[in-house]
Amino acid sequence: MDATTNGRTKPAAPPAPKVYANAPDLRREMHQLLALGAERDGRQAGPGTGPPADPTAAERAWLLRRAALMDRMALGGGSGPVAAAAETAEQLVRHDRRHPGLVAGPCHPEATMPAPGWRPYVRQEYAAWTAAGRPGT
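Rules used in this analysis
Residues numbered from 1 in each chain as written. Predicted model: local features only at pLDDT ≥ 70, side-chain atom pairs only at ≥ 80, totals over all residues. Heavy atoms only, no water. Core = buried A, V, L, I, M, F, W, Y, C linked by side-chain atoms within 4.5 Å. Buried < 20%, exposed > 50% of the residue type's maximum accessible area, 1.4 Å probe, protein only. Helix = DSSP H or I, 4+ residues; strand = E, 2+ residues; numbered from the N terminus. Contact = heavy atoms within 4.5 Å. Salt bridge = Lys/Arg side-chain N within 4 Å of Asp/Glu carboxyl O.

A. A look at the nonpolar core. If you look at the biggest cluster of nonpolar residues, it comprises 24 residues, and the most contacted ones within it are Tyr20, Leu64, Leu92, Tyr121, Val122 and Tyr126. When contributions to this core are tallied by element, the ones reaching two or more residues are α1 (16-19), α3 (55-74), α4 (79-98) and α5 (119-131). A per-element tally of this core places α3 first, with nine residues. Excluding residues that lie within four positions of it along the chain, Tyr20 makes contacts with Ala68, Asp71, Arg72, Leu75, Val122, Arg123 and Tyr126.

Dropping the structure here:
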């Protein structure tokens, strides 16, 4: 169940081990994200024949996968990965606030509070994204 503070909801994200149980291993996901980032930025030609059908959904999938990767790395400890996880989670939240129709989980970022951070939101969205068949990829 979600907790409420001052009328804002704190998402009750599923536990990280459950969310990331079927995620690609860290090294493989990092490699795939680097390749997608290079395609996205025009530094490398992609395997497709043109731009994605929905570039906003593709951008969100990239942001979500990157935030989830950083969250997974931060679970191992260390201040560097924790800071990167917080930063990439906030980037996903900013994107989702601009494109609320792409939010897949029950708690929208406008209705959630950031304390202790946005990482539970990333887990909520990653779980919903994988359950929906990884749209935008």
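B. Spatial organisation of the pattern of salt bridges. One pass over the structure, following the stated rule, counts six salt bridges. With its nearest N and O atoms 2.7 Å apart, the salt bridge here joins Arg60 to Asp96. With Arg60 in helix α3 and Asp96 in helix α4, this pair connects stretches of sequence that are 36 residues apart. Note on Arg60: relative accessible area 4%, which makes it buried. The partner of Arg94 in a salt bridge is Glu90, and the shortest N-O contact between them spans 3.4 Å. Taken as a pair, Arg94 and Glu90 lie in helix α4 at a separation of four residues, close to a single helical turn. Residue Arg94 is classed as partly exposed on the basis of its relative accessible area of 40%. The exposure class assigned to Glu90 is partly exposed, which follows from its relative accessible area of 38%. Ionic contacts of the salt-bridge type, sharing partners, join the residues Arg60, Asp96 and Glu125 into one network.

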